[in-house]
Amino acid sequence: MDLYNPIRIVFAHIAPVNKSSHEEVACSFWNHSAPNTTNGAWDTRGCEVVSTNETITICHVYHMTSFAIIIKPIFEEEEESDEGNLQWMARILSVFSISFLGVYLFYLVCAKRLRVILHTIHINLCVAVIFALLSLAGSGDIKDAWGDCMLSGCLIHYFNTVIMLWLFIEAFQLFTDLTESLEIQDEDDDEDEPPFQERVKYYILFGWGVPFLNVGVAFGFSPDAYIEQEAGFCWLDNSNFLWCAFVGPLGFFGLCTLYMLYRMLRDIDEQVYREDRTTIFKSSYFGTWTLQIYFLITWGVGLVGIHGLYLYALYLFVLAMSCLGIVTFIVHALLNTEVRLLLGLRNPDKTLTPIEKIHLPPEFDDVRYIKPTYIP
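One structure accompanies this document, and this report is about it. (Residues numbered from 1 in each chain as written. Predicted model: local features only at pLDDT ≥ 70, side-chain atom pairs only at ≥ 80, totals over all residues. Heavy atoms only, no water.)

The next thing to look at is the side chain of N160. Of note, N160 is situated in helix α4 (residues 150-183). Taking relative accessible area as the criterion, N160 reaches 2% and is therefore assigned buried. A polar contact is formed between the side chain of N160 and the backbone oxygen of I156, at a distance of 2.7 Å. The residues touching N160, leaving out its near neighbours within four places in the chain, are A132, F246, F295, W299 and M321. (Helix = DSSP H or I, 4+ residues; strand = E, 2+ residues; numbered from the N terminus. Buried < 20%, exposed > 50% of the residue type's maximum accessible area, 1.4 Å probe, protein only. Polar contact = N/O pair within 3.5 Å; in protein donor to acceptor, adjacent residues only side chain to side chain. Contact = heavy atoms within 4.5 Å.)

Laid out in structure tokens, this is it:
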């Protein structure tokens, strides 16, 4: 457990230490669980150099173990290069992602025929993605302005948890819609269904409130829960099981989402495909599949890179995460027939050809298939 107030330790040098532009004095402790080692290695986390000269070094430490001072080479140029490259990559790609999502959000808010519960979920998902991209692109500036990684790490943790939960909510809504349509397809079943506004209210409380509690628990467990990781990235410390604050919900809600999507795969029939122009079920279903798998793979690669196992994994993570807005726009806008036609300023109801009109839902429940014939 990290200490709230540091302990002051004074080390006397065995031999004089001269200042160098290539080396520096660092306070460190022996980390027995250091990655990629057999018996451990020297680690500088939780140790700060207060002052140093040729004969003594004063350190502040936030935990108790075996301490020492070491002379380590300075790799500022390489570290700053990686950190700068990642920040500029995130900024440039995030601009494109946010621009696409902005166009999509404009149509979702302004078009009356898109004001249904699934599109309301898409609005919240898009807002969460936009703020997640902003927190990622501005993480370096936030860290410099705040002085540490606390605020930057909290924002990245919070908004990515929000994305995770809104994907779960969309899968739950699709699963509920399909289950109710399979049980009773008449209008009497709608009496027991919660009102639109009330269900959305519960979704909003769950989608935005639970991540706040999750981040609050992580921060309450340790004031230094968010530390600087590989290439200056601010994220949860992997000690004291703090990584579970994100990996736990990511695994649980991710698996629940995939399970519901898999269950729905067995129940989707031709009727759902024919009604998709008005229910947007098919496009939302495959969009949720795509985004959930994309999000899980992105963060799987990201956790490998953030904790310093492979630097190229961190580059892949920033690249994939910054393109999340573009992927969301493709699966929920371009691949949705209704939204795509509205983006092209066309009326979806007037673009049906005679052949397509025959594929509208039949009037009789016992009719499974109608052979299409051309009507001039």
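Now that the structure has been shown, we can carry on.
A few words now on the sheet that holds strand β3 (residues 41-43). Think of a sheet as strands paired side by side through backbone hydrogen bonds, with each pair either parallel or antiparallel. Reading across from one edge, β3-β2-β6 is the order of the 3 strands in this open sheet, with antiparallel pairing throughout. For this open sheet the edge positions go to β3 and β6 (67-73), each flanked by a neighbour on one side alone. Each adjacent strand pair in this sheet contributes to an overall mean axis angle of 55 degrees, direction not counted. Here strand β2 (residues 23-31) runs beside β3; their pairing, made up of 3 bridges, is antiparallel. Looking at the pairing, N31 lines up with A41 of β3. (Pairing = 2+ DSSP bridges. Axes fitted to C-alpha atoms, helices over the stretch in contact; angles between N-to-C directions.)

Turning our attention to the state of the cysteines. The final tally for this structure, using the stated rule, is 2 disulfides. Bridging C27 to C59, the disulfide has an S-S length of 1.8 Å. The disulfide joining C27 to C59 has a torsion of about -80 degrees about its S-S bond and is therefore left-handed. With C27 in strand β2 and C59 in strand β5 (residues 56-61), this pair connects stretches of sequence that are 32 residues apart. For C59, a relative accessible area of 0% puts it in the buried group. Covalent S-S linkage joins C149 and C234, the inter-sulfur distance amounting to 2.2 Å. Looking down the S-S bond of the C149 and C234 bridge, the torsion is -55 degrees, so its handedness is left-handed. Highlighted residues: C149 in the loop between α3 (139-146) and α4 and C234 in strand β8 (residues 234-236), separated in sequence by 85 residues. Neither C149 nor C234 differs from the other in exposure class; each is buried. The connectivity of the disulfides in the chain is 1-2, 3-4, where the numbers refer to bonded cysteines in sequence order. (Disulfide = S-S within 2.5 Å.)

The next point concerns the pairing of strand β4 (residues 47-52). Taken together, the 5 bridges between β4 and β5 define a ladder with antiparallel strand orientation. Bridge pairing in β5 places E48 opposite H60. With antiparallel pairing between neighbouring strands as the criterion, β4 and β5 make up a hairpin whose turn holds 3 residues.

Glancing now at the sheet that holds β4. Reading across the sheet, the 3 strands line up as β1-β5-β4 and stay open at both edges, with antiparallel pairing between neighbours. Edge positions in the open sheet fall to β1 (7-12) and β4, since each of these has one partner strand only. Ignoring strand direction, the axes of neighbouring strands in this sheet form an average angle of 25 degrees.

Let us look at helix α11 (residues 324-334). Burial runs high along α11: 8 of the 11 residues are buried. Within α11, burial applies to L324, G325, V327, T328, F329, V331, H332 and A333.

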